[in-house]
Amino acid sequence: MSSLAEPATYTLYVDGSCIGNQNVSATTPASWGLVVVVGDSGLGKGSGDLHHEEAGAVITAPDASGFIGAEVGSNNTAELSGFAAALRWLLVEGGNASAMIRADSTYAGNLASGLWKAKANRELVAHVQDLWAEVAAIRPLSWSHVKAHRGHRWNERADHLALRHASGEQPVPLTFWKPGQR
């Protein structure tokens with residue numbers, strides 16, 4: 001006998017990193033990290049199990065594959081690109097389960113969800129807001145703020161992935177990684 005179970009709720013942690021986040025340009029290295037967790041309570045230092053993780057570069061060349069509107073590599077464009085990666089993951093892999101995106105950037109979260117209006121990075125923000133609307137049309141979707149660099153397991157892991165990618169280094173495998181290890 002089978003029973004219908006509630007769809008799994010995903011918690012997606014996103015973070016961005018920029019090497020030399022001053023006087024940024026289209027060539028400034030910036031990357032995002034994404035960690036997808038199942039069974040996260042949202043309390044404490046990070047419960048649940050890792051389901052998926054990835055990292056990628058902020059793409060600033062309009063003719064490059066994966067370009068979504070970032071004009072410069074910066075921490076803000078990396079945070080927004082992380083939201084875009086999380087939303088794309090939900091569209092492709094997330095089924096119809098409810099989702100919570102957790103980020104340490106109120107800037108990116110409030111822009112992505114449409115609570116704030118973009119004053120900069122307008123093309124990138126418009127793309128992320130379109131993705132948000134598309135995902136929210138098929139599942140419950142929300143975001144919440146998590147404090148940066150406070151030892152939260154999954155936020156620290158997203159930070160680790162973003163920083164290592166921006167630095168051109170491989171991340172430490174999760175089995176050897178300790179929260180706060182950059």
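Predicted model only: the values in this text are computed from it and were never measured.

Considerations on the overall build of the chain
Here is step 1 of the chain: Within the chain, the secondary structure is distributed over four helices and five strands.
Here is step 2 of the chain: Element order for the chain, N to C, with α for helix and β for strand: β-β-β-α-β-α-α-β-α.
Here is step 3 of the chain: Relative to its length of 182 residues, the chain is compact, with a C-alpha radius of gyration of 16 Å against a globular reference of 16 Å.
Here is step 4 of the chain: With the C-alpha coordinates of the chain rotated into their principal frame, the extents come out at 60 × 40 × 25 Å.
Here is step 5 of the chain: When the 182 residues of the chain are sorted by exposure, 45% land in the buried category.

As for the pattern of salt bridges
Here is step 1 of the chain: The final tally for this structure, using the stated rule, is two salt bridges.
Here is step 2 of the chain: Of the charged contacts, one joins R157 and E53 as a salt bridge, the two residues approaching to 2.8 Å between their closest N and O atoms. Here R157, found in helix 4 (residues 153-166), pairs with E53, found in strand 3 (residues 49-57); they are 104 residues apart in sequence, far enough to count as distant.
Here is step 3 of the chain: Accessibility expressed as a relative area gives 1% for R157, which makes it buried.
Here is step 4 of the chain: We note a salt bridge from E169 to R164, for which the minimum N-O separation is 3.4 Å.
Here is step 5 of the chain: Of the residues examined, R164 reaches a relative accessible area of 15% and is grouped as buried.

Observations regarding the sheet that holds strand 2 (residues 30-38)
Either a parallel or an antiparallel arrangement is found when strands of a sheet pair, and the pairing is made through backbone hydrogen bonds.
Here is step 1 of the chain: Overall, mixed pairing links the five strands, which are arranged 3-2-1-4-5 in an open sheet. Here the strands that pair on one side only, and so sit at the sheet edges, are strand 3 and strand 5 (141-145). Here the strands of the sheet are splayed against their neighbours by 20 degrees on average, with no regard to which way each runs.
Here is step 2 of the chain: Here strand 1 (residues 10-18) pairs with strand 2 via nine bridges, running antiparallel. Paired with Y13 across the two strands is V35, which belongs to strand 2.

Side note on the pairing of strand 4 (residues 99-103)
Here is step 1 of the chain: Counted residue by residue, strand 4 has four buried out of five residues, so it is predominantly covered.
Here is step 2 of the chain: Note: strand 1 against strand 4, five bridges, orientation parallel. Across the sheet, residue Y10 finds its bridge partner in strand 4, namely A99.
Here is step 3 of the chain: Where strand 4 meets strand 5, five bridges bridge the pair, whose relative direction is parallel. Bridge pairing in strand 5 places A99 opposite L141.

Details of the confidence of the model for the chain
Here is step 1 of the chain: When pLDDT is averaged along the chain, the result is 88; 91% of the residues meet or exceed 70.
Here is step 2 of the chain: By mean pLDDT, the top-scoring element of the chain is helix 3 (residues 122-136) (97), and the lowest-scoring one is helix 4 (93).
Here is step 3 of the chain: The model gives residues 1-7 a pLDDT under 50, and that stretch makes two contacts with residues more than four places away or in other chains.

Some points on the nonpolar core
Across soluble globular proteins, nonpolar side chains show a tendency to be buried alongside one another.
Here is step 1 of the chain: By size, the foremost hydrophobic cluster in this structure holds 36 residues, and its most contacted members are L12, L34, F83 and I101.
Here is step 2 of the chain: Of all the secondary structure elements, the ones that give two or more residues to this core are strand 1, strand 2, helix 1 (75-93), strand 4, helix 2 (106-112), helix 3 and strand 5.
Here is step 3 of the chain: With nine residues, the single largest contributor to this core is helix 1.
Here is step 4 of the chain: In this structure, I101 is in contact with L12, V14, F83, A86, L87, W132, L141, S142, W143 and S144, ignoring residues within four places of it in sequence.
Here is step 5 of the chain: In this structure, Y13, W154, A158 and L161 belong to the second largest nonpolar core, which totals six residues.

Quick look at helix 3
Here is step 1 of the chain: The terminal C-alpha atoms of helix 3, which comprises 15 residues, lie 21 Å apart, in line with the 21 Å expected from a rise of 1.5 Å per residue.
Here is step 2 of the chain: Restricting attention to buried positions, one finds in helix 3 the residues L124, V125, V128, L131, W132 and V135. Along the long axis of helix 3, the arc covered by the buried residues comes to 125 degrees, so they all point the same way. Away from the buried face of helix 3 by more than 90 degrees, exposed residues R122 and D130 are located.
Here is step 3 of the chain: Where helix 3 is buried, its residues contact helix 1, strand 4, helix 2 and strand 5.

Analysis parameters
- Residues numbered from 1 in each chain as written.
- Predicted model: local features only at pLDDT ≥ 70, side-chain atom pairs only at ≥ 80, totals over all residues.
- Heavy atoms only, no water.
- Helix = DSSP H or I, 4+ residues; strand = E, 2+ residues; numbered from the N terminus.
- Rg over C-alpha atoms; globule rule 2.2 N^0.38 Å.
- Buried < 20%, exposed > 50% of the residue type's maximum accessible area, 1.4 Å probe, protein only.
- Salt bridge = Lys/Arg side-chain N within 4 Å of Asp/Glu carboxyl O.
- Pairing = 2+ DSSP bridges.
- Axes fitted to C-alpha atoms, helices over the stretch in contact; angles between N-to-C directions.
- pLDDT = per-residue confidence, 0-100.
- Contact = heavy atoms within 4.5 Å.
- Core = buried A, V, L, I, M, F, W, Y, C linked by side-chain atoms within 4.5 Å.
- Expected span 1.5 Å × (residues − 1).
- Arc of directions from axis to C-beta.

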